[in-house]
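Coordinates in review
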Amino acid sequence: MAAMAGKLAGKRALITGGGTGIGREIAHTFLEHGARVIICGRRHGPLKETVDSFKPQYPDIHFVECDISDPEDVAVLAAKTRELLGGLDILVNNAGVSERGDLESTDLKVWDRVFNVNLRGAFVVTQAMLPLLKDSGRGANVLNISSNLGRQAEQHQVAYSASKAGLDMFTRCCALDYAEAGIRFNTISPGVIDTPMQDHNKGELGYQEWRSATEQMHPLKAIGAPRDVATAALFLCSSDAEWLTGVNLPVDGGMCAR
Ligand SMILES: NC(=O)c1ccc[n+]([C@@H]2O[C@H](COP(=O)([O-])OP(=O)(O)OC[C@H]3O[C@@H](n4cnc5c(N)ncnc54)[C@H](OP(=O)(O)O)[C@@H]3O)[C@@H](O)[C@H]2O)c1
């Protein structure tokens, strides 16, 4: 049976990119706390696998295939959200893509791909979901998953870092615009988390070498797990954080303390 108690009991949540990594773990944590959840992404496989694995314990999880860089897809996502959940209380803009490169090695197609998902995608999804969030009224909220790289410059991250820095400011602008309506907007900036997004780095070094090198990069000398981000997301999206809006919470083993 679905959990009826919990910090998000009965809340309706949409998590973009919820079929893998951090988004999947946010979905899991929200379900554990009584939320009703839709996850979306482009690939059928990970979405179905995630829903199939949680459904026996939490029947109220659904998936919608959706490319958030396509406004028509997102319009369908909004209609299906209304149909499946009857409204929306929490939106987590988690879907993202990472591409390394400096000014010369980042061609316009790569720049556009990164911005179309990480920043424009978050804008398109949030705009489409706003009527549902407004219907829910005070307590409705949006959480954007950014990165420590939105705050800290690193070499060869020109598109990714710029997109995430934009996402931070997008969050703060929305926080002010919708504060009077009682809709909160916050950001989490993770450090390095062990998810499929890191696969290319793991592939270059081998898993153990990548892990040790990455642990050393963080002041706490540890790498993050999706659960670290999910527990912070639970806090920010629940009524425990009802007086927080426009916040950018680093969940990064101390990276942003530098
Ligand atoms: N892992 C890290 O070290 C780290 C650090 C800081 C921030 N982050 C951020 O955390 C978020 C989650 O990443 P992750 O680490 O969990 O990596 P991940 O497993 O690769 O997750 C990214 C998710 O986004 C979805 N996605 C990508 N493009 C999409 C699109 N156009 N439309 C819909 N969904 C799309 C992917 O699904 P499909 O491919 O099926 O569409 C995937 O489920 C991202 O925003 C990332 O930038 C990650």
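Residues numbered from 1 in each chain as written. Predicted model: local features only at pLDDT ≥ 70, side-chain atom pairs only at ≥ 80, totals over all residues.

**Things to note about unusual backbone geometry**
- Of note, His 156 is a non-glycine position whose phi angle comes to about 60°, a positive value.
- In this fold, His 156 is placed in the loop between β5 (141–145) and α6 (158–177).
- The backbone phi angle of Lys 221 is positive, close to 55°, even though this residue is not glycine.
- Tracing the backbone through its elements, the reader meets Lys 221 in the loop between α8 (207–217) and α9 (226–237). (Helix = DSSP H or I, 4+ residues; strand = E, 2+ residues; numbered from the N terminus.)

**A look at the site of the ligand**
- Residues in close proximity to the ligand total 31 residues, the closest being Gly 17, Gly 21, Arg 42, Gly 96 and Met 197.
- The biggest single contributor to the shell around the ligand is helix α1 (residues 21–32), with three residues.
- When its residues are assigned to classes, the shell around the ligand shows 13 nonpolar, 15 polar and three charged. (Near = placed C-beta within 6 Å. Nonpolar A, V, L, I, M, F, W, Y, C, P; charged D, E, K, R; others polar.)

**Things to note about the nonpolar core**
- Core analysis: the biggest nonpolar cluster contains 68 residues, and Phe 30, Val 37, Leu 91, Val 92, Met 129, Ile 188 and Ala 233 have the highest contact counts within it.
- Non-local contacts of Ala 233, meaning those with residues more than four positions away in its chain, are made with Ile 26, Thr 29, Val 92, Leu 143 and Ile 188. (Core = buried A, V, L, I, M, F, W, Y, C linked by C-beta atoms within 7 Å. Buried ≥ 20, exposed ≤ 12 C-beta atoms within 10 Å, placed from the backbone. Contact = placed C-beta atoms within 7 Å.)

**Description of the sheet that holds strand β2 (residues 36–41)**
- One open sheet accounts for seven strands, arranged β3-β2-β1-β4-β5-β6-β7; its pairing is parallel. Each edge of the sheet is formed by a strand with only one pairing partner; in this case those strands are β3 (61–65) and β7 (248–251). Each adjacent strand pair in this sheet contributes to an overall mean axis angle of 20°, direction not counted.
- Bridge analysis of strand β1 (residues 12–16) against β2 gives five bridges, and the strand direction is parallel. Pairing of Ile 15 across the sheet is with Ile 39, part of β2.
- Together, β4 (90–93), β5, β6 (184–190) and β7 form the strand contacts of α9, whose direction differs from that of β6 by roughly 165°. (Pairing = 2+ DSSP bridges. Axes fitted to C-alpha atoms, helices over the stretch in contact; angles between N-to-C directions.)

**A few points about the pairing of β4**
- The alternating pattern of β4 places Ile 90 and Val 92 and Leu 91 and Asn 93 on opposite faces, both of which are buried.
- Pairing analysis gives three bridges linking β1 to β4, with the strands arranged parallel. Within the sheet, the bridge partner assigned to Ala 13 lies in β4 and is Ile 90.

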